[in-house]
Amino acid sequence: MDFTFISGNLGLDLSGTVGHRRGARLDLLATPADLARWTAAAGLLDDRPDVSDDDLAEARALREAIYRLASAVRTRKAMDAADRDTLNAAARREPASVLLGERGVERGGDLRAALSSTARAAAELLGGPQAGLIRECEADPCTRLYIDASHRRTRRWCDMRGCGNRAKAAAFRARNHG
């Protein structure tokens, strides 16, 4: 399955690698190879890093911490200290390098550097002015979190081409065939 980067923040995109959180969970990071593909697809690293089972477990822990922290911010609840510690531990590491090479931008580092860059993006969001714009997709069974950067702050779906289109088509069918 392909990864999508529609949340408006790399940390939220990592949390979006689990779909249908309230139902039959769909984990897009099922294997270490999936995580290596995600780092490349996210544009964090030019080359896929080596990823072990332990690395995958660490990335999943970060992913879940980001999701819970963002959900807490979205619902105006207190952030869990252990989740904040998980995020901060990843963010303290050296981030992926971004250099200007002869052929353009070159991104390098290992998996921990990629996760550090992701954690830093999440920390900037969760502690910054856009934190109040975090929303959860209203389409059932989607549970993706995203930043509502729409003009009126009334966006309802994580992506208009997917969830939004399906929801509008279902509403149309209900109105016209009900």
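What comes next concerns the included structure.

Definitions and cut-offs
Residues numbered from 1 in each chain as written. Predicted model: local features only at pLDDT ≥ 70, side-chain atom pairs only at ≥ 80, totals over all residues. Heavy atoms only, no water. Patch = residues over 30% accessible without salt bridge, like charges linked within 9 Å, V, L, I, M, F, W, Y side chains within 5 Å. Areas by Shrake-Rupley, 256 points an atom, 1.4 Å probe, with all protein chains shown as cover. Salt bridge = Lys/Arg side-chain N within 4 Å of Asp/Glu carboxyl O. Lys, Arg positive; Asp, Glu negative; His and termini not counted. Charge placed at Lys NZ, Arg CZ, Asp CG, Glu CD. Helix = DSSP H or I, 4+ residues; strand = E, 2+ residues; numbered from the N terminus. Buried < 20%, exposed > 50% of the residue type's maximum accessible area, 1.4 Å probe, protein only. Contact = heavy atoms within 4.5 Å. Axes fitted to C-alpha atoms, helices over the stretch in contact; angles between N-to-C directions. Parallel < 35°, antiparallel > 145°, perpendicular 65-115°, else oblique. Left-handed = near helix turned anticlockwise from the far one by under 90°. Nonpolar A, V, L, I, M, F, W, Y, C, P; charged D, E, K, R; others polar. Pairing = 2+ DSSP bridges. Phe/Tyr/Trp six-rings, centres within 6.5 Å; stacked < 30°, edge-to-face > 60°.

Residues Asp-46, Asp-47, Glu-102 and Glu-106 make up a contiguous surface patch of negative charge. Of note, Glu-106 is situated in strand 4 (residues 104-108). Glu-106 sits in the partly exposed class, given a relative accessible area of 38%.

The next point concerns unusual backbone geometry. Residues Asp-140 and Pro-141 are joined by a peptide bond in cis, for which omega reads 10°. Topologically, Pro-141 is positioned in the loop between strand 5 (134-136) and strand 6 (145-147). Positive phi values are uncommon outside glycine, yet His-20 reaches one of about 60°. With respect to the helices, strands and loops of the structure, His-20 is situated in the loop between strand 1 (18-19) and strand 2 (26-27). Phi is positive for Arg-76, which is not a glycine, with a value near 60°.

All right, on to the environment of Ile-66 then. As for its placement among the helices and strands, Ile-66 is situated in helix 3 (residues 53-74). Accessibility expressed as a relative area gives 1% for Ile-66, which makes it buried. Setting aside residues up to four positions removed in sequence, Ile-66 forms contacts with Gly-11, Leu-12, Leu-14, Ser-15, Leu-87 and Ala-122.

Here the focus is the packing of helix 4 (residues 81-92) against helix 5 (residues 111-126). At a minimum axis separation of 7 Å, helix 4 and helix 5 run at an interaxial angle of 125°. Here helix 4 is positioned oblique relative to helix 5, judged by the angle of their axes. The chirality of how helix 4 crosses helix 5 is left-handed. Counting all contacts with helix 4, which are made through Leu-87, Ala-90, Ala-91 and Arg-92, the residues of helix 5 involved are Leu-115, Ser-116, Ala-119, Arg-120, Ala-122, Ala-123 and Leu-126. In terms of residue class, the contact of helix 4 with helix 5 is made up of 8 nonpolar, 1 polar and 2 charged.

With 5 bridges joining them, strand 3 (residues 97-101) and strand 4 adopt antiparallel strand pairing. Each bridged residue has a counterpart across the sheet, and for Val-98 the counterpart in strand 4 is Arg-107.

Here we take up the packing of aromatic side chains. Within this structure, the stated rule accounts for 1 aromatic pair. Where Phe-5 meets Trp-38, the ring centres are 6.0 Å apart and the plane angle is 40°; that geometry is what we call tilted. Separated by 33 residues along the polypeptide, Phe-5 in the segment before helix 1 (10-15) and Trp-38 in helix 2 (residues 32-41) bring together distant segments of the chain. Overall, Phe-5 belongs to the partly exposed group, its relative accessible area being 31%.

What follows is about the pattern of salt bridges. In total, this model carries 13 salt bridges according to the counting rule given. With a closest N to O distance of 2.5 Å, Arg-93 and Glu-58 form a salt bridge. Placement of Arg-93 in the loop between helix 4 and strand 3 and of Glu-58 in helix 3 is noted, with a sequence separation of 35 residues between them. Look at Arg-93 and you get partly exposed, because its relative accessible area is 26%. Take Glu-58: its relative accessible area is 23%, and that puts it in the partly exposed class. Through salt bridges that share partners, Arg-21, Arg-25, Asp-27, Arg-60, Arg-63 and Glu-64 make up one connected network.

What follows concerns the packing of helix 3 against helix 5. Between helix 3 and helix 5, whose axes approach to 11 Å, the crossing angle comes to 5°. Between helix 3 and helix 5, the angle falls in the class roughly parallel. Judged by residue contacts, Asp-55, Glu-58, Ala-59, Leu-62, Ile-66, Leu-69, Ala-70 and Val-73 of helix 3 engage Leu-111, Arg-112, Leu-115, Ala-119, Ala-122 and Leu-126 from helix 5. Here the contact of helix 3 with helix 5 is built from residues that sort into 11 nonpolar, no polar and 3 charged.

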